[in-house]
Amino acid sequence: MKVQRGFSMIELLISVLIMSIGVLGMAGLQTLSLQQNRSALLQGEAGLLVNDILDRIRANPSSDYSGIALNTVPGSTTNCVGSICSEVEMMNFDRTQWLCSINSTDAAGVQHTVCGDFGVTGTMPGGQCVALTDPCAGGSIVLAGGIYTVTVQWLDQQTVDQTNGQRRSVSVSMKAP
């Protein structure tokens, strides 16, 4: 009668195969978790940007902040930091600073001059989509029927190829002050 000692080579190979499948599964789960975490971060950042401009609208209620479309380029305006501005100048400054916070570059990745002048270099990821004619990140402010609707849009890059990413947006409506 023979007594078996240790593992055979086939048993060892099968256990290594099972272990490697488990490790690959855990790596895939970790990658998916990081992607979802990044998406949640971007959505939170977009929500903060929406609330930022809504607070600015509430602080300057006599000005009309509407008229910003998703592909609006920040315009040059008076820098109201450290200087006294009229309500209209403050509105233009708020709008420009907000647009620069969403996307401070054009479709080719070149920073808008006014954003550099104000020192605002924020860009929602996906803001530099060379394959598309309009920047992938942008914001809009619409006033209709006494209701402001503010939207921030960005490209959620779940894939390496920017053209296959999914455009996502956060919109909030508020009664005009």
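Preceding block: the structure.
Residues numbered from 1 in each chain as written. Predicted model: local features only at pLDDT ≥ 70, side-chain atom pairs only at ≥ 80, totals over all residues. Heavy atoms only, no water.

**A look at the overall build of the protein**
Okay, so step 1: When helices and strands are counted, the protein shows three helices and three strands.
Okay, so step 2: Out of the 177 residues belonging to the protein, those deemed buried represent 33%.
Okay, so step 3: By sequence separation, contacts in the protein at least 24 residues apart represent 58% of the contacts at least 6 residues apart.
Okay, so step 4: Total accessible area on the protein is roughly 10600 Å²; 60% of this is exposed by carbon and sulfur atoms. (Helix = DSSP H or I, 4+ residues; strand = E, 2+ residues; numbered from the N terminus. Buried < 20%, exposed > 50% of the residue type's maximum accessible area, 1.4 Å probe, protein only. Contact = heavy atoms within 4.5 Å. Areas by Shrake-Rupley, 256 points an atom, 1.4 Å probe, with all protein chains shown as cover.)

**Some words on the sheet that holds strand 3 (residues 166–175)**
Okay, so step 1: Taken together, the three strands give an open sheet; going across it, the order is 1-2-3, and neighbouring strands pair in antiparallel fashion. Here the strands that pair on one side only, and so sit at the sheet edges, are strand 1 (138–144) and strand 3. For this sheet, the mean angle separating the axes of adjacent strands, direction not counted, is 15°.
Okay, so step 2: Sheet topology note: the strand 2 (residues 147–156)/strand 3 ladder contains 10 bridges and is antiparallel. Paired with Thr149 across the bridge in strand 3 is Ser173.
Okay, so step 3: Strands in contact with helix 2 (residues 87–102) are strand 1 and strand 2; relative to strand 1, the strand with the most contacts, it is inclined by about 140°. (Pairing = 2+ DSSP bridges. Axes fitted to C-alpha atoms, helices over the stretch in contact; angles between N-to-C directions.)

**Quick notes on the pattern of salt bridges**
Okay, so step 1: Considering all chains together, one arrives at three salt bridges under this definition.
Okay, so step 2: A salt bridge links Asp55 to Arg58; the shortest N-O distance between them is 2.6 Å. Of this pair, Asp55 and Arg58 both sit in helix 1 (residues 9–59), three residues apart, which is roughly one turn of the helix.
Okay, so step 3: Assessed through its relative accessible area of 44%, Asp55 is described here as partly exposed.
Okay, so step 4: On the basis of relative accessibility, which here comes to 43%, the residue Arg58 falls in the partly exposed class.
Okay, so step 5: Among the ionic pairs, Arg56 bridges to Asp94, the shortest N-O distance being 3.0 Å. (Salt bridge = Lys/Arg side-chain N within 4 Å of Asp/Glu carboxyl O.)

**Some details on the state of the cysteines**
Okay, so step 1: For the coordinates displayed, the defined rule picks out two disulfides.
Okay, so step 2: Here Cys80 connects covalently by a disulfide to Cys85, the sulfurs 2.1 Å from one another. On the S-S bond that ties Cys80 to Cys85, the torsion sits near -110°, and the link is left-handed.
Okay, so step 3: According to the relative accessible area criterion, Cys80 is buried, its value standing at 10%.
Okay, so step 4: In this model Cys100 forms its disulfide with Cys115; the gap between the sulfur atoms is 1.9 Å. (Disulfide = S-S within 2.5 Å.)

**What to know about the environment of Val172**
Okay, so step 1: Mapped onto the fold, Val172 is located in strand 3.
Okay, so step 2: For the pair formed by Val172 and Thr149, sequence separation is 23 residues and the distance between their alpha carbons is 5.7 Å.
Okay, so step 3: Residues in contact with Val172, not counting those within four places in the same chain, are Val50, Leu54, Tyr148, Thr149 and Val150.

**Quick notes on the packing of helix 1 against helix 2**
Okay, so step 1: Relative to each other, helix 1 and helix 2 sit at 175°, their axes nearing to 11 Å. On the basis of the axis angle, helix 1 is roughly antiparallel to helix 2. Along the contact surface, helix 1 presents Leu49, Val50, Asp52, Ile53 and Arg56, while helix 2 presents Asp94, Gln97, Trp98, Ser101 and Ile102.
Okay, so step 2: Partitioning the contact of helix 1 with helix 2 into residue classes produces five nonpolar, two polar and three charged. (Parallel < 35°, antiparallel > 145°, perpendicular 65-115°, else oblique. Nonpolar A, V, L, I, M, F, W, Y, C, P; charged D, E, K, R; others polar.)

**Observations concerning the nonpolar core**
Okay, so step 1: Counting 21 residues, the largest nonpolar core has Ile53, Ile57, Tyr65, Trp98, Ile141, Val150 and Val152 as the members making the most contacts within it.
Okay, so step 2: Within the residue set of this core, elements represented by two or more residues are helix 1, helix 2, strand 2 and strand 3.
Okay, so step 3: Residue contacts for Tyr65: discarding those within four places in its chain leaves Ile53, Arg56, Ile57, Asn60, Met90, Met91, Asp94, Arg95, Ile141 and Tyr148. (Core = buried A, V, L, I, M, F, W, Y, C linked by side-chain atoms within 4.5 Å.)

**Details of a nonpolar patch on the surface**
Okay, so step 1: Taken together, the side chains of Met9, Leu12, Leu13 and Val16 define a hydrophobic patch exposed on the protein surface, amounting to about 410 Å² of accessible area.
Okay, so step 2: Within the secondary structure, Leu12 is located in helix 1.
Okay, so step 3: Exposure remark for Leu12: the relative accessible area of 43% places this residue in the partly exposed category. (Patch = residues over 30% accessible without salt bridge, like charges linked within 9 Å, V, L, I, M, F, W, Y side chains within 5 Å.)

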